[in-house]
Amino acid sequence: MLQNASILLLYGFIVLPILVAVALSAIIWRAVGAEGYPRRQANKLQIRFALGAVAWLAITLWVSASGVLRHFERQPPPMLFLVAAVFALAGWLACSWIGDLVVRHTSWVVLVGLQGFRLPLELLMHRAYVEGIMPVQMSYSGRSFDIVTGASAIVLALALARFPVPRWVIAVWNVLGTVLLVNILVIAIASMPMFHWFGMDRLNVWVADPPFVWLPAVLVLTALAGHLLMFRKLRRG
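The rules behind each value
Residues numbered from 1 in each chain as written. Predicted model: local features only at pLDDT ≥ 70, side-chain atom pairs only at ≥ 80, totals over all residues. Heavy atoms only, no water. Axes fitted to C-alpha atoms, helices over the stretch in contact; angles between N-to-C directions. Helix = DSSP H or I, 4+ residues; strand = E, 2+ residues; numbered from the N terminus. Parallel < 35°, antiparallel > 145°, perpendicular 65-115°, else oblique. Contact = heavy atoms within 4.5 Å. Nonpolar A, V, L, I, M, F, W, Y, C, P; charged D, E, K, R; others polar. 1 Å grid on protein atoms, 1.4 Å probe; cavity = no way out; pocket = protein on both sides within 12 Å on 5 of 7 lines; lining within 4 Å. Points joined across faces, edges and corners; volume = space filled by probe spheres on them. Expected span 1.5 Å × (residues − 1). Bend = angle between axes of the 7 residues up to and from the residue. Buried < 20%, exposed > 50% of the residue type's maximum accessible area, 1.4 Å probe, protein only.

> I tried to follow the packing of helix α3 (residues 78-95) against helix α4 (residues 97-105) on my own but got confused; where do I start?
Axes are the key here: two packed helices are described by the angle between their axes and the distance separating the axes. Between α3 and α4, the least distance of the axes is 4 Å, while the angle of their chain directions is 55 degrees. The angle between the axes of α3 and α4 places the two elements in the oblique class. For the pair α3 and α4, the contacting residues are W92, L93, A94 and C95 in the first and W97, I98 and G99 in the second. Split into classes, the residues belonging to the contact of α3 with α4 amount to six nonpolar, one polar and no charged.

Now the structure itself:
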């Protein structure tokens, strides 16, 4: 799989997940600092979360490089454990006290703007399809419409930065982005070898390889946690 990928694609799936991980870590870092903890306690929490982000990047990359995730024939497949971990970690980030800090100390501009990474991600995913790395149904040439979320996130974030935007607009946009995210997640899981919903010639196995494993491990995690955080912020009023 790796030998068929271009340098642009490989570096794209290295740089973008790292930038997104740094952005999410910076949001948490700032929220902890704004809470008013004693300086030593705040620094300890901030460093702990930063090291946790680095550890997650390293562990998922190492597990992928070991080849464990490519054993789709096992019951249950190891990849499903990674998917479950992504959902669990995203839920924990959004619903725990960390999420509460982020919701209270992070603006709508930042939370909406964070989802803008899905525009370059969709461009990279389309490139992966063109290069024969990824099945077509996971790109915007197939059944994925997530590029709409990425492009509209940039537009909405700019609008939020310039003038007041009705809360219902943010709510509708967040629901739409969540639906489009769920759509591509269902497609990606259904395309794995144990389900092969779209045929044995259109399998989703590329995310088991490094650095593409960071697509679910970092980018999907961030997108899902971001939507959950916005739902929580909307609920707070």
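> What exactly am I supposed to notice about empty space enclosed by the protein here?
Over the atoms a probe the size of a water molecule is rolled, and this reveals where empty space is left. Inspection of the entire model under this criterion finds three cavities of 30 Å³ or more. Taken as a whole, the largest cavity holds about 280 Å³ of empty space. For the largest cavity, the lining is made up of 24 residues, of which L185, A188, L215, P216 and V220 are closest to its centre. Looking at the lining of the largest cavity, the elements with two or more residues in it are α3, α6 (118-130), α8 (167-190) and α9 (214-236). Broken down by class, the residue content of the lining of the largest cavity amounts to 20 nonpolar, one polar and three charged. Approximately 40 Å³ is the volume found for the second largest cavity. L24, I28, L93, I98, G99, V102, A225 and L229 are the residues that line the second largest cavity. Mapped by element, the contributors of at least two residues to the lining of the second largest cavity are α1 (7-34), α4 and α9.

> It is not clear to me how α9 should be interpreted in this structure. Could you clarify?
Given 3.6 residues per turn, any residue in an α-helix points the same way as the ones three and four places further on. For α9, spanning 23 residues, the distance from its first C-alpha to its last is 32 Å, which sits close to the expected 33 Å at 1.5 Å a residue. At V220, α9 shows its maximal kink, close to 30 degrees. Across the 23 residues that make up α9, a large majority, 18, are buried. The positive-phi residue at the C-terminal boundary of α9 is G237, with phi of around 75 degrees.

> Looking at this structure, how should I read the side chain of Q137?
Turning to its location among the elements, Q137 is positioned in the loop between α6 and α7 (147-162). Q137 gets classed as buried once you look at its relative accessible area, which sits at 2%. Setting aside chain neighbours within four positions, we find Q137 in contact with G142, R143, S144, I187, S191, F198 and R202.

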